[in-house]
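Fold and geometry: a report
One letter stands for each residue in the lines below.
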Amino acid sequence: MSENFDVKLDSKSYLPDPSVKEGSWMQDYETAYNEFLKDPEKHWENVAEELEWFQKWDKVREWDHPYAKWFTDAKLNITHNCLDRHVLNGKRNKVALIWVGDDGEEQILTYRQLYREVMRFANGLKSLGVEKGDRVCIYMPLVPEQIIAMLACARIGAVHSVVFGGFGANALHSRIKDAQAKIVITADATLRRGKRIDLKTLVDEAVVNSSSVEKIVVLRRMTPQLELFSEIEVDFYEIMEDVEKECEPEVMDSEDPLFILYTSGTTGPAKGIVHTCGGYMVGTYYTTKNMFDLKDNDVMWCTADPGWITGHSYIVYGPLSMGATIMISETTPDYPDPGVWWSMVEEFDVTILYTAPTAIRMFMRMGEEWPEKYNLSSLRILGSVGEPLNPEAFEWYFRVIGKEKCPILDTWWQTETGMHMLTTAVGEPMKPGFAGRPVPGIIADVVDENGESVPAGTGGFLVIKEPWPSMMRTVYNNDERYCQYWNTIGNYYAAGDLAVKDEDGYIMILGRSDDVLIVAGHNIGSAEVESALVSHEAVAEAAVIGKPDPLKGDSIKAFIILRMGFEASAKLKTDLVYHVRMNLGPIAMPSEIEFVESLPKTRSGKIMRRLLKAQELGQDPGDVSTLED
Ligand code: PRX
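Residues numbered from 1 in each chain as written. Predicted model: local features only at pLDDT ≥ 70, side-chain atom pairs only at ≥ 80, totals over all residues. Heavy atoms only, no water.

For the protein, the name recorded in an unreviewed UniProt entry is Acetate--CoA ligase, with Methanolobus profundi as its organism. Its UniProt record gives the protein the following Sequence similarities (unreviewed entry) comment, quoted word for word: "Belongs to the ATP-dependent AMP-binding enzyme family." (UniProt positions renumbered as here; feature names shortened; annotations may be inferred.)

Structure (C-alpha cells):
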C-alpha cells in the first residue's frame, strides 16, 4: 500500500449495564492505561508479582531490537500456577473443567483430578523418554485429554506443538517435520455431528518419512477398540498406569520455550510461532483477569479448539492460571439443533462466552427463536475473536444474547501476540465495528509505510510499538522470518493488518495487508492452498484469493492453469477440492474453482493476487505498473 486512504467512520456507541463495573478488576480504563505509561516495566512487574515463581527475575525486560527477554533469569513452571497453586490454596475441589461431547456426554474434573491426571500423564511421557526441550506434537479432538496432554508437556518442560484436529495429513506432516517432534499424541477419532472422523489414519499418513517420531500415543475412545502396532504405538491411559502419582514440575527459565504453534503466512509453509514460559504466563493471566474481568465464580466457555492460539491462551493457560472453571465442548453450533449452545449456557450457568463472528453470524441466520428458548441470564461478559465483528453481528450479539446488558469484547490479537492487544474494557463505551483501544500494557498505533502515525480517519498499518511479555520470541527454525515482523515498518511490530483509528483512539480492523485469508476466523495462507493444488497431477499453476463471504469472512476462490493433456471438467473441480481437503483439511477447501489460460504476474514472476481479486470483485485494480503483460 503506497498511499493512505480515508475511511468513513460511524462512531455510534453502546454501553452495557453500569452494574458490570461493580467490583471489576480494572476500575477505569484510562487510569489503568496512564498508570502503565508512567512506568511500563513496573506495570508488568506488578502483574508478575501476583503469580508464583521458584526464583524471581533480575530484570523485568531486556530489549535488544527485535529480540526481547522478559523476567530474565526467573524460574517457574506454568503448571505450578495453573494447578499446584490452586490445589494448595483451597481450590482442590473446585471444578476446573467441564466437558460436553458431541453426543451430549459430560465429564467434569476438579482441580485435584486435573492435577493428578496431568502429573500421571507427565510421568507417562517421561517413561517414553520425553525430556525437557523435546518437541511433542498433539493432534487430538476437543476432549479433556487434549488439555491434559498440553499441561503434562509443560509440566516436564517438553515443548508442545498442538495441531488442530481439523488439519489434513500433509499439514500435520509438515508441522511434525519442522518441529522434529519426538512423540505424536493423538486419538482414534473425533466426533462431528454424530459422525466419526478418523484421526489416527491421518497420523499414520503424516508420520511417513518423519524419522524424528519415536512413539505415537493414542487415546482410544471408540468401540471396538482400535488395535495398536505395539512397536511404536502406545495407549494414552496405559502409559499412566505403572508410573508414580506425583511429578515435580520441571524448573523452567522464564525464556525457555513453552510451545510452538503454527500459523499461516503469506509465502511458504506455516510458521512455527515460539512462545516462552514466563512472559506468556504473565500476559495470558493478566488479560484473562483484566479484560474478561474473570472472578472466582465465573464459568468461562471459550468455544475455540485448544489447537488454536485462542484455545491455548483463553481455554488453557489464562483461565487455569486464574483458577477458573472452564467449559469446553466438542459440539458444533447446530447439532443436534441450533439451540445446543444456548442450552449449555443455561445448563452450566456460563458467565463468560468467547466465540467467533462466524458463529455469531450463523446464529443470526438460524433465528432468534433458538436462543430465546433458553435462560441466558447467567451470561455476564461476551467476547469475539478471529475476524472483524461487523456492526450487524455486534448488535445481534448485544441484543439477543447479551440482552443489552453484557459488554461485548471484540478482541484483536494474533498467534504471534499470545494475548489480547486491542479490545474495549468492560464497562467502557463500545463501538460496533471497532475492536477498541490498546490493552493497558500495549502501545498500538496506525501508521504509514514509514512508521509515521496517520491521522484519525486515515487507513494505515496496524503496529505495536513496544515489546510486551507474551510476544513470540522467534519463528522456529527461521529467525530471519521473525525479524521481518519488526523490520518492515519503522522498527515496529507489523501485525499485517490494515486499520483505522477514530478521534477517541478506537481502532477498527479493515483486513489483512497481505495474502493471508481469514476463513471462518482461521488463518489460511494463499501459498499453502496453492501449493496443495499444484501438488495435484493436473495442475500447472494455481492462484488463490479470498472473496468476501457473508458467513465465513473470506471464502476461497482458486484460479487454475491445467497441465497439457488435462481437460477442465466439473469432475476435475471436485477432485481438486477433495485433494486440498485431504492435504490441508476442510477449512482450506476452495468454494470456487475457475480454469484459466494465464495468471497476472509481476515482471519478477510473482502472481498478482491483488489484481485477480480486483477483477473478481469488479474493483479498481490500483497500481499495475509492475504487471508483466
Ligand atoms: O487479521 C487479524 C485477524 O486474525 C489474525 C490473526 O490470526 P491468528 O493468528 O490465527 O489468531 C486469531 C485469534 C487470535 C489477525 O492478524 N483477527 C483476529 N482477531 C480479530 C481479527 N480481525 C479483526 N478483529 C478481530 N477481533
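The discussion continues.
Right, let's get into the pattern of salt bridges. One side chain can pair with another of opposite charge once the charged atoms of both are near each other. One pass over the structure, following the stated rule, counts 45 salt bridges. Salt-bridge contacts for E528 lead to R175; the nearest nitrogen and oxygen are separated by 3.8 Å. With E528 in helix α15 (residues 526-534) and R175 in helix α6 (residues 169-179), this residue pair connects regions lying 353 residues apart in the sequence. You'll find E528 and R175 in the same group, each marked buried. As a salt-bridge pair, D575 and K571 come within 2.9 Å of each other at their nearest N and O atoms. Here D575 and its partner K571 are both found in helix α16 (residues 570-584), 4 residues apart, which amounts to about one turn of the helix. A residue is classified by how much of its surface remains accessible, and D575, at 28% relative accessible area, is partly exposed. Several salt bridges share partner residues, and in doing so they unite K547, K557, E592, E594 and E616 into one network. (Salt bridge = Lys/Arg side-chain N within 4 Å of Asp/Glu carboxyl O. Helix = DSSP H or I, 4+ residues; strand = E, 2+ residues; numbered from the N terminus. Buried < 20%, exposed > 50% of the residue type's maximum accessible area, 1.4 Å probe, protein only.)

Attention now goes to the layout of surface pockets. The volume enclosed by the second largest pocket comes to roughly 370 Å³. Put simply, the parts of the chain that give the lining of the second largest pocket at least two residues each are α1 (29-38), α2 (40-49) and α8 (277-290). Residues that form the lining of the second largest pocket fall into these classes: 8 nonpolar, 4 polar and 6 charged. (1 Å grid on protein atoms, 1.4 Å probe; cavity = no way out; pocket = protein on both sides within 12 Å on 5 of 7 lines; lining within 4 Å. Points joined across faces, edges and corners; volume = space filled by probe spheres on them. Nonpolar A, V, L, I, M, F, W, Y, C, P; charged D, E, K, R; others polar.)

A word on the site of the ligand. Neighbouring the ligand are 19 residues, the closest being D410, T411, T415, D497 and R512. Between the ligand and G386, the relevant distance is 3.1 Å, taken from a nitrogen atom to a main-chain nitrogen or oxygen of the residue. At 3.4 Å from an oxygen atom of the ligand is found a side-chain nitrogen or oxygen belonging to N523. The protein chains hide 96% of the 540 Å² of surface that the ligand would expose on its own. Going through the elements one at a time, α9 (309-321), β20 (408-411) and β27 (507-512) are the ones with two or more residues in the shell around the ligand. (Near = heavy atom within 4 Å. Polar contact = N/O pair within 3.5 Å; in protein donor to acceptor, adjacent residues only side chain to side chain. Areas by Shrake-Rupley, 256 points an atom, 1.4 Å probe, with all protein chains shown as cover.)

A contiguous patch of positive charge on the surface is contributed by R92, R112, R116 and K245. In this structure, K245 sits in the loop between β12 (233-235) and β13 (252-253). (Patch = residues over 30% accessible without salt bridge, like charges linked within 9 Å, V, L, I, M, F, W, Y side chains within 5 Å. Lys, Arg positive; Asp, Glu negative; His and termini not counted. Charge placed at Lys NZ, Arg CZ, Asp CG, Glu CD.)

Turning our eyes to something else, we now look at the nonpolar core. Counting residues in hydrophobic clusters, the biggest one holds 163 residues, and the most contacted among them are W44, W53, F71, F121, I185 and Y317. Top contributing element to this core by residue count: helix α5 (residues 144-156), with 9 residues. Ranked by size, the runner-up nonpolar core spans 32 residues in total, among them I360, L389, Y397 and I408. (Core = buried A, V, L, I, M, F, W, Y, C linked by side-chain atoms within 4.5 Å.)

The 8 strands are arranged β12-β11-β8-β6-β7-β14-β15-β25 in an open sheet whose pairing can be described as mixed. Where the open sheet ends on each side, the last strands, each with one partner, are β12 and β25 (474-475). Pairing of strand β6 (residues 135-139) with strand β7 (residues 159-162) involves 4 bridges; the strand directions are parallel. Each residue of the ladder has a partner; that of V136, found in β7, is H160. Sheet strands touched by α9: β7, β14 (257-263) and β15 (271-276). Its angle to β14, the strand with the most contacts, is close to 140 degrees. (Pairing = 2+ DSSP bridges. Contact = heavy atoms within 4.5 Å. Axes fitted to C-alpha atoms, helices over the stretch in contact; angles between N-to-C directions.)

Moving on, we get to the packing of helix α11 (residues 357-366) against helix α13 (residues 391-401). Viewed as axis vectors pointing N to C, α11 and α13 meet at an angle of 70 degrees, and their least axial separation amounts to 10 Å. By the angle between their directions, the pair α11 and α13 is classed as roughly perpendicular. Contacts between α11 and α13 pair I360, R361, F363 and M364 from the former with E392, A393, W396 and Y397 from the latter. Of the residues belonging to the contact of α11 with α13, the class tally is 6 nonpolar, no polar and 2 charged. (Parallel < 35°, antiparallel > 145°, perpendicular 65-115°, else oblique.)

Another aspect to go through is the state of the cysteines. Scanning the model with the defined rule gives 0 disulfides in all. Left unpaired, C137 is separated from the closest cysteine sulfur, that of C153, by 9.9 Å. Cysteine C247 remains unbridged, with the sulfur of C153 as its closest cysteine sulfur at 11 Å. With relative accessibility at 2%, the residue C247 sits in the buried group. (Disulfide = S-S within 2.5 Å.)

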